[in-house]
Amino acid sequence: MSKINIYFVGMHNKPGMKPLDIRTKSGKIINDVIGKLMLGYDVQCFKTNLCELEELPNHPQVIVRESKDFHNRFNLMQDDIVILLGDWVKRNFIKMYAGHFIYLAHPASCMGNVKKEKYLHDAYVKISEKIIRISK
C-alpha cells in the first residue's frame, strides 16, 4: 500500500504566512502531531487552509467558492484523511467525495502545556485509529 495522505485543514492564511505556519501556535501544535505520526506510520502530511485568503471570509458565496476551490487544489483520493480543524472549518467544508474525515478542535484552543499534551495525545489516537482502519 502507498503512503496515506493526511490533510490538516485550517481556516485561512495569516498575512504573509503559509497555512498553519510554524510561527503560529496552531502551526507548532500541528507540526508536533505530524512529527509523532511520521515516526509511527508511512504517511505524507499537508498543512493547508480551507480558504486561500489572508482574512476569514464572511460572505456565504465566498466561503462556498473557497470550499470548492479546495477540492480543485488537491486531488483527494478515497484513502486520504482530511482533518477539519475547528467548528468553522467543519461547518463550511463541502464534502465532495467519500473519504475519511476527522474533526479536531482548532489547535489554538489549547491553553497551557497540560491541554496541549492532551490535544496532541487525542489527535494522535484519532488519526492513528483511522490510519489502521484504512491500512487493513
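Coordinates for the structure precede this section.
Just so we're clear, the structure is a prediction, and the values are computed from it rather than from any experiment. Every chain begins its residue count from 1, and numbering advances along the sequence as written. For a predicted model such as this one, the threshold for reporting local features is a pLDDT of at least 70, and the threshold for listing and counting side-chain atom pairs is 80 or more; totals across whole chains, interfaces and linings nevertheless cover every residue. Excluded from the side-chain calculation are hydrogens and water; included are all heavy atoms of the structure.

Engineer: Any details on the sheet that holds strand β1 (residues 4–12)? Residues and values, ideally.
Structural biologist: In spatial order, the strands read β2-β1-β3-β4; together these 4 strands make up an open sheet with parallel pairing. Where the open sheet ends on each side, the last strands, each with one partner, are β2 (43–51) and β4 (100–104). On average, each strand axis in the sheet is tilted by 25 degrees relative to the strand beside it, whichever way the strands run. The pairing of β1 with strand β3 (residues 81–85) spans 4 bridges and is parallel. If you follow Tyr7 over to β3, its bridge partner there is Val82. Whether two residues touch is decided by their heavy atoms; if any such pair falls within 4.5 Å, the residues are in contact. Interaxial angle, 0 to 180 degrees, is taken between N-to-C directions of lines fitted to C-alpha atoms, where a helix line uses only the stretch in contact. Here a strand is any run of E in DSSP of at least two residues, a helix any run of H or I of at least four, and the numbering for each starts at the N terminus. Packing of helix α2 (residues 60–73) onto the sheet brings it into contact with β1 and β2, and relative to β2 it is tilted by some 150 degrees. Here helix α4 (residues 112–135) sits on the sheet and contacts β1, β2, β3 and β4; the angle it forms with β4, its principal contact strand, is near 170 degrees. Pairing between strands is defined by DSSP: at least two bridges between the two strands are required.

Engineer: Can you explain the pattern of salt bridges? Please cite residues and give values.
Structural biologist: By definition, a salt bridge exists where a carboxyl oxygen of Asp or Glu is found within 4 Å of a side-chain nitrogen of Lys or Arg. One pass over the full model with this rule turns up 6 salt bridges. We note a salt bridge from Glu52 to Arg73, for which the minimum N-O separation is 3.9 Å. Within this pair, whereas Glu52 is found in the loop between β2 and α2, its partner Arg73 is found in helix α2, the two being separated by 21 residues in sequence.

Engineer: So, the packing of helix α1 (residues 25–40) against α4: which residues are in play, and what are the values?
Structural biologist: As a packed pair, α1 and α4 sit with axes 10 Å apart at the nearest point and diverge in direction by 45 degrees. The orientation of α1 with respect to α4, classified from their angle, is oblique. Here the hand of the crossing between α1 and α4 comes out right-handed. Across from Ile29, Ile30, Asp32, Val33, Lys36 and Leu37 in α1, the residues of α4 making contact are Lys116, Tyr119, Leu120, Ala123, Tyr124, Ile127, Ser128 and Ile131. For classification purposes, an angle smaller than 35 degrees is called roughly parallel, one larger than 145 roughly antiparallel, one from 65 to 115 roughly perpendicular, and anything else oblique. Crossing handedness is defined as follows: a turn of the near helix away from the far one that is anticlockwise and smaller than a right angle gives a left-handed crossing, while the clockwise case is right-handed.

Engineer: Talk me through α2; I want residue IDs and the actual numbers.
Structural biologist: Expected helix span is taken as 1.5 Å per residue step, with the number of steps being one fewer than the number of residues. Between its terminal C-alpha atoms α2 stretches 20 Å, which fits the 20 Å expected from 14 residues at 1.5 Å a residue. The set of residues buried in α2 consists of Ile63, Glu66, Ser67, Phe70 and His71. In an axial view of α2, the angular spread of the buried residues amounts to 145 degrees, which keeps them on one side of the axis. Across from the buried face of α2, at angles greater than 90 degrees, the exposed residues are Gln61 and Asn72. Elements in contact with the buried residues of α2: β1, β2 and α3 (87–92). For the exposure calls, accessible area comes from a 1.4 Å probe over protein chains only, and a residue counts as buried if that area is under 20% of its type's maximum, exposed if over 50%, partly exposed in between. As used here, the arc is the angular range of directions from the helix axis to the C-beta atoms.

The analysis is restricted to geometry; functional conclusions fall outside its scope.
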